[in-house]
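# Structural features, examined
What follows is the residue order along each chain.
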Amino acid sequence: MTPNIREIAKIIDAETNIRVPESKIDILLTDSRSLSEPKTTLFFALTTEHNDGHRYISELYEKGVRNFVVLRSYNEENNISEANYLRVADTLQALQVLAANHRKQFSIPVLGITGSNGKTIVKEWLYQLLHDQFTVVRSPRSYNSQTGVPLSVWQLNEQTQLGIFEAGISLPGEMKSLKTIIQPTIGLFTTIGEAHQENFFSQEEKCLEKLILFEDAEKIIYNEDLLLVKYCMEKKGFSGKTFSWSLKNEKAPLYITEIKKSISQTVISGLLTTCNRPFSIKIPFTDEASIENAIHVLALVLYLNLDISHLSERFEKLEPVAMRLDVNKGMNGNILINDTYNSDINSLSIALDFLSRRSVDKEMKRVLILSDILQSGMVPAAFYRNVAELIHGKDVQHIIGIGPNLISHSNLFHIEKDFYPTTESFLESKKYRSLKDSIILIKGSRQFRFEWISEQLSEKSHQTVLEVNLDAVIHNLKYFQSKLPPDTKIICMVKAFGYGVGSYELAKTLQERGADYLAVALADEGAELRREGISMPVMVMNPEEHAFNTLFEYNLEPEIYNMNMLDSIIRETERRAILNYPIHIKFDTGMNRLGFDSRDIPLISVKLNKQTGVVVKSVFSHLAGSDSPLLDDFTRKQIELFKRDADRIEGLLKYPIMRHLLNSAGIERFPDAHFDLVRLGIGLYGISAVDKNVLQPVATLKTRILQIREVEKGNTVGYGRKGVLNRDARIAVIPVGYADGLDRKLGNGNGKVQIGNQQAPIIGNICMDISMIDVTDIQAEEGDEVIIFGKDIPVSHLAEQLETIPYEILTSISPRVKRIYYKE
């Protein structure tokens, strides 16, 4: 169902300038930073108040994109000659028209969810419950906007059995286009609240606008106890096609008879009145918002006539959807609840409910730090009266209000109170320092920058940090790119938590800077990258059979290295009716680790030619000693064997297959074996096998001096009295030990650290959490910065000292060491 560029041009009624007529389109792109597969990408140059997608066409063209939807007024750039241009009057409308046409190709149940709160949670909980019974396509994260919805719906494919899409609006007239795109067969309305109310005359107007989504739906699920929603349903003429639930009306199709809360869970019991069938489920939440969301989910499950007994265990194991509330330790015995996701009276109510439930210690004061709420749509006096009543009702004892509206209505709050015009003025007042033994809810609109407040109130983290220079990552990537032919792609290795420096920020930077592939060791590592928004292709080097669900769910491409694994993935794709899932075949050419042997090629080919579930995207192998000139003869034998194996399997499968063999050292030392792809690992992190001066160090491990003490000659330092002093000495204590990744072999004078431009030896045994250094000959003070490794003490130098490899040094840095990412 992959359309070609001419078919798309016809669908969106575009004027065409087609120079690559054979182009097939799999991916729709609106953000140039999310580019993954250039050849099958169609870029829509959207224009907004603050940006213009046409600016990025040249950059995308250089990266291989050849298909663009542009405004009719766009003038082609001179350096772009082999590209397809589809010219339209409105690029956003063209995107929406194309997605709507795509949706029409599928006769499956599609759930459209709208409402002021809870859309994403309901969607994600439905997915948690149903993804094993249905092949589900759902909106990524909160893709519910005019741009996000078409990108979500485009994900529908031949395997999809159920679509679940959110629809959010902020202006009158927006829902009509979303309805045309989603075309829901089932509607679910969560709740009506104050979000985006400033753009509507009344809540009724906003509710009616949202209900446009369901005009052609067969059934609509909603809470009929919400009287405004019920009224609007009737006004729209939807009464005959609703499946409502209620806590009050015994005749509602779904009547909730009892909600019983305990400390950590809630039992929801009720009656499906349409067939007089009782039911009961248990969920691991007790807050009102989660209970309401769970009932919405339950209503859909019952409407679909699914076996509730089969799903009851899954209801008990529903996982929270991390969107708003973070709980952290604060200074001075405080607990912080950080909620700056949005700011309206409904979300404030939810957050205050959470605050109330977290306040198990009655001795802790309840404090609310609140900004002006900017999405009310009400007369300020009436609105802030409601806010004050809500706060009083939740037993908040102290409010700190920030913003001119709160100052103007400060008389409405009859509790301990302080008000400030701006976040800056509050921080300058130092009032936050007096907050002690309190549970503090930080609730603010994003423009108030409440993260500054959170930072000041948070408990200071471990003083030992790993600083990661993202500019150095980019420099190193460019260096290796310069060594390659233009058509050779780069796979960047981000396994083992990105070689210890942190995989997500690294992956995000690489994605933005034109890397072609990422590779991880385990499926869970790849899934984490996907959840963080990484969209480029991800290869899994060490997949396991139990991780197939994760592979398929997150579109991760596995390495296949033996017959059992090959049989298993073929069988699994057939069971799931998956077609042409990309895999990567590994051959062993002398490493004697994982991989097929040359003699396996005929059987591999027979198995692959008899099925349609998987397609070989690449074949590869590992070199055993590409960094050592002493092993060059062996390396060349590996290269020749790999060439023969790759040629044989490609000939038997009768379609083109990419090849890759070289690691970082191989890229620099064996240019004749670059092939289609290379795998860039330790070189990305600043380690070169050829020239130590061409790459930049990416990671710097640093800490600070906790204490300096004068110790007389003849005394000893540390456990086992190993650090014997032969002179009077100044001994500094630093908060880094073997639990942080500092190898104990560096103790007793074997290792040195850097303070300013001087180096100080480590004295005595390295402890779990701290180490001691001799600063007798250095002008050092308590609080001074100490470098463990970095530019002047390279990781490679430490590795030589420890008779190990730089990989081990980097990957040994403990997760408790905070990673700090920066760019110059």
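What this report covers is the structure whose coordinates are included nearby. In this text the structure is predicted, and so the values were computed from the model without any measurement. (Residues numbered from 1 in each chain as written. Predicted model: local features only at pLDDT ≥ 70, side-chain atom pairs only at ≥ 80, totals over all residues. Heavy atoms only, no water.)

On to the overall build of the chain, then. When helices and strands are counted, the chain shows 26 helices and 39 strands. Overall size of the chain, expressed as C-alpha extent along the three principal axes, is 85 × 75 × 55 Å. Looking at the 824 residues of the chain, the share that counts as buried comes to 54%. Partitioning the intrachain contacts of the chain with sequence separation of at least 6 by distance along the chain shows that 64% fall at a separation of at least 24. Accessible area of the chain: about 36900 Å², with a carbon and sulfur share of 47%. (Helix = DSSP H or I, 4+ residues; strand = E, 2+ residues; numbered from the N terminus. Buried < 20%, exposed > 50% of the residue type's maximum accessible area, 1.4 Å probe, protein only. Contact = heavy atoms within 4.5 Å. Areas by Shrake-Rupley, 256 points an atom, 1.4 Å probe, with all protein chains shown as cover.)

Attention now goes to the pairing of strand β26 (residues 581–586). The side chains of a regular strand alternate between the sheet's two faces. Burial of β26 is extensive: 6 of the 6 residues sit out of reach of the surface. The pairing of strand β25 (residues 557–560) with β26 spans 2 bridges and is classified as parallel. Across the sheet, E559 pairs through a bridge with H584, a residue of β26. Across 6 bridges, β26 lies against strand β27 (residues 614–620) in parallel orientation. If you follow Y581 over to β27, its bridge partner there is V614. (Pairing = 2+ DSSP bridges.)

With 101 residues, the main nonpolar core has L510, L518 and F789 as its most contacted residues. Sort the elements by how many residues they give to this core and helix α16 (residues 470–482) lands first, with 6 residues. In this structure, L518 is in contact with I491, C492, V494, A507, L510, L529, I534, M536, P537, V538 and M539, ignoring residues within four places of it in sequence. Counting 39 residues, the second largest nonpolar core, distinct from the first, contains F279, L298, L300 and L318. (Core = buried A, V, L, I, M, F, W, Y, C linked by side-chain atoms within 4.5 Å.)

What follows is about the side chain of T242. Topologically, T242 is positioned in strand β11 (residues 242–246). For T242, a relative accessible area of 17% corresponds to the buried category. A polar contact of 3.3 Å, which involves the side chain of T242, links it to the backbone oxygen of S239. Those residues in contact with T242, other than ones at most four positions away along the chain, are K219, I220, Y222 and M233. (Polar contact = N/O pair within 3.5 Å; in protein donor to acceptor, adjacent residues only side chain to side chain.)

Let's shift gears to empty space enclosed by the protein. Within the structure shown, the criterion is met by 1 cavity of 30 Å³ or more. The space that makes up the largest cavity amounts to roughly 70 Å³. In this structure, the largest cavity is lined by L701, G741, L742, D743, L746, I788, F789, L798, L802, I809 and I813. Here the lining of the largest cavity is composed, by residue class, of 9 nonpolar, 1 polar and 1 charged. (1 Å grid on protein atoms, 1.4 Å probe; cavity = no way out; pocket = protein on both sides within 12 Å on 5 of 7 lines; lining within 4 Å. Points joined across faces, edges and corners; volume = space filled by probe spheres on them. Nonpolar A, V, L, I, M, F, W, Y, C, P; charged D, E, K, R; others polar.)

Turning our eyes to something else, we now look at the pattern of salt bridges. Evaluation of the coordinates by the stated rule reveals 34 salt bridges. Note that R727 is salt-bridged to D774, the shortest N-O span being 3.7 Å. Placement of the pair is R727 in the loop between β33 (723–724) and β34 (729–734) and D774 in strand β37 (residues 771–774), with a sequence separation of 47 residues. Taking relative accessible area as the criterion, R727 reaches 33% and is therefore assigned partly exposed. The structure contains a network of salt bridges with shared partners spanning K123, E124, R138 and E166. (Salt bridge = Lys/Arg side-chain N within 4 Å of Asp/Glu carboxyl O.)

Moving on: the sheet that holds strand β9 (residues 186–189). Remark on secondary structure: sheet strands pair via backbone hydrogen bonds, oriented parallel or antiparallel. Read across the open sheet, the 9 strands follow the order β7-β8-β6-β9-β10-β11-β12-β13-β14; overall the sheet is mixed. With one partner strand each, in any of the chains shown, β7 (136–138) and β14 (277–283) form the two edges of the open sheet. Each strand axis lies, on average, 20 degrees off the axis of its neighbour in the sheet, ignoring direction. Examined bridge by bridge, β11 and strand β12 (residues 254–261) share 2 bridges and lie parallel to one another. (Axes fitted to C-alpha atoms, helices over the stretch in contact; angles between N-to-C directions.)

Attention now goes to the side chain of T120. Looking at where T120 falls in the secondary structure, it is placed in helix α4 (residues 119–130). Among the polar contacts made by the side chain of T120, one reaches the side chain of E166 at a distance of 2.8 Å.

We now examine the sheet that holds strand β2 (residues 27–29). Strand order in this open sheet of 5 strands is β1-β5-β4-β3-β2, and the pairing throughout is mixed. Two strands bound the open sheet, and with one partner strand each, they are β1 (15–17) and β2. The sheet shows a mean angle of 20 degrees between the axes of neighbouring strands, direction not considered. With 3 bridges joining them, β1 and strand β5 (residues 84–88) adopt antiparallel strand pairing. Residue T16 lies in a different strand from β5, and its bridge partner there is L86. Its contacts with the sheet place helix α3 (residues 91–103) against β2, β3 (41–44), β4 (67–71) and β5, and it is angled at close to 140 degrees to β3.

Following both chains from N to C, one finds helix α21 (residues 563–575) and helix α22 (residues 601–609) inclined at 5 degrees, their axes separated by 11 Å at the closest point. Classified by the interaxial angle, the pair formed by α21 and α22 is roughly parallel. Mapping the contact onto sequence places M563, L566, D567 and I570 in α21 and L603, I604, K607 and L608 in α22. (Parallel < 35°, antiparallel > 145°, perpendicular 65-115°, else oblique.)

Moving on, we get to the packing of aromatic side chains. Applying the stated criterion to the full structure yields 14 aromatic pairs. Relative to Y303, the ring of F243 has its centre 5.8 Å away and its plane inclined at 55 degrees; by these criteria the two rings are tilted. You can see F243 sitting in strand β11 and its partner Y303 sitting in helix α9 (residues 288–303), a full 60 residues away along the chain. Judged by relative accessible area, which is 9%, F243 ranks as buried. Through a chain of ring-to-ring contacts, the aromatic side chains of F43, F68, Y74 and Y85 assemble into a single cluster. Looking at R66, its charged tip hangs above the ring of Y61, at a distance of 3.8 Å from the centre. The ring centre of Y85 lies 5.7 Å from the NZ or CZ of R87, which sits over that ring. (Phe/Tyr/Trp six-rings, centres within 6.5 Å; stacked < 30°, edge-to-face > 60°. Lys NZ or Arg CZ within 6 Å of the ring centre and 35° of its normal.)

Three or more residues of helix α19 (residues 523–531) are buried, namely A523, G526, A527, L529 and R530. Along α19, the residues classed as buried sweep out an arc of 160 degrees about the axis, all on the same side. On its buried face, α19 is in contact with α18 (503–512), β23 (517–520), β24 (538–540) and α20 (548–553). One or two residues past the end of α19 sits G533, with phi positive at roughly 100 degrees. (Arc of directions from axis to C-beta.)

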